[in-house]
Amino acid sequence: MIKGRAPRLVVFGDSHYAAIRQAGAEGLFDATGIDLEYWGHVGRRFNYLSFRDGAIVPVDDFTAQRFAKFNEKGRRHLPAADFDLALFMGVRVILFPAFATLARNAALGLRISSGLRHRILRDQLAWSASYGFAKGFVKAGTPVVLVPIAFPTTGCPINTLTPAEADAADALRPGIWADLTAMAAQDGITLLAQPESTVTGGLFTRAEYGVPDIAVSGDHHHKNAAWGALAMNRTLDLLRGGDLLDASGADQLRR
């Protein structure tokens, strides 16, 4: 804990951060003693964000107003220096395509060199501008925990795997997460791998973490309060305990 005051934590996210807000509303995590703020909006608004002078800054007034509307203090921009830790939730960092590419090639018996694998994973991380924002926060002295967008909820009709691809994904998944967390650690970012207990069918999220109306909405991408609670509780443990992910790429917080 921070001597003399409450630790300051901000949850920065795209629409996937709603899972954390819902978890808070349902009492699924305890943020007692934490100065907690939220700053986020739907993903398309992320196209109108930039990073300068140590802060995430909207590039137009409308975007600034939209982000301010959902923040407890009406912040129009997000200065790194105002916080002791930032949780980047979702933030358009989607890793399923890289996992699927590697699994599909493995199922076909195609060998991918370590250099190409590294390039595929690094490019997938860097695809989202928010990953650059995270590096900016770290450079400004504020630690960042990154929770990428979870794998699609099981039953997704668009993203599918053959049985061979699912088996390959099961074999490759731990090593891929190790590579990703190590890459992020090199950038000073604590990337939290998706817990194995939440994964099914190679590269899908178990149904109990899907949104409640998934049969009607067909939304296999967003997750529910139980998923938000997992992310937030892991982050709160980090903030209170001061433990960081091992730079070697371990995918769990040291307890």
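Residues numbered from 1 in each chain as written. Predicted model: local features only at pLDDT ≥ 70, side-chain atom pairs only at ≥ 80, totals over all residues. Heavy atoms only, no water.

Trainee: Please clarify how the packing of aromatic side chains should be interpreted in this entry.
Mentor: Working definition: an aromatic ring pair is given by the centre-to-centre distance plus the angle between the planes. Scanning the entire structure with this criterion turns up 14 aromatic pairs. Considering the side-chain rings of Phe12 and Phe88, the 4.9 Å spacing of their centres and the 75 degrees angle between planes classify their relative orientation as edge-to-face. Pair noted here: Phe12 is in strand E1 (residues 8–13) and Phe88 is in strand E6 (residues 85–94), with a separation of 76 residues, a long-range link. For Phe12, a relative accessible area of 0% gives the class buried. Relative to Phe151, the ring of Phe99 has its centre 5.1 Å away and its plane inclined at 75 degrees; by these criteria the two rings are edge-to-face. (Phe/Tyr/Trp six-rings, centres within 6.5 Å; stacked < 30°, edge-to-face > 60°. Helix = DSSP H or I, 4+ residues; strand = E, 2+ residues; numbered from the N terminus. Buried < 20%, exposed > 50% of the residue type's maximum accessible area, 1.4 Å probe, protein only.)

Trainee: How should unusual backbone geometry be read in this particular structure?
Mentor: Across the chain, the bulk of peptide bonds are trans and the bulk of non-glycine residues have phi less than zero. Phi is positive for Val91, close to 40 degrees, though the residue is something other than glycine. Within the fold, Val91 resides in strand E6. A residue is classified by how much of its surface remains accessible, and Val91, at 0% relative accessible area, is buried. Residues other than glycine seldom take positive phi values, yet Arg92 does so here, at roughly 65 degrees. Mapped onto the elements of the fold, Arg92 is located in strand E6. Residue classification places Arg92 among the partly exposed positions, given a relative accessible area of 27%.

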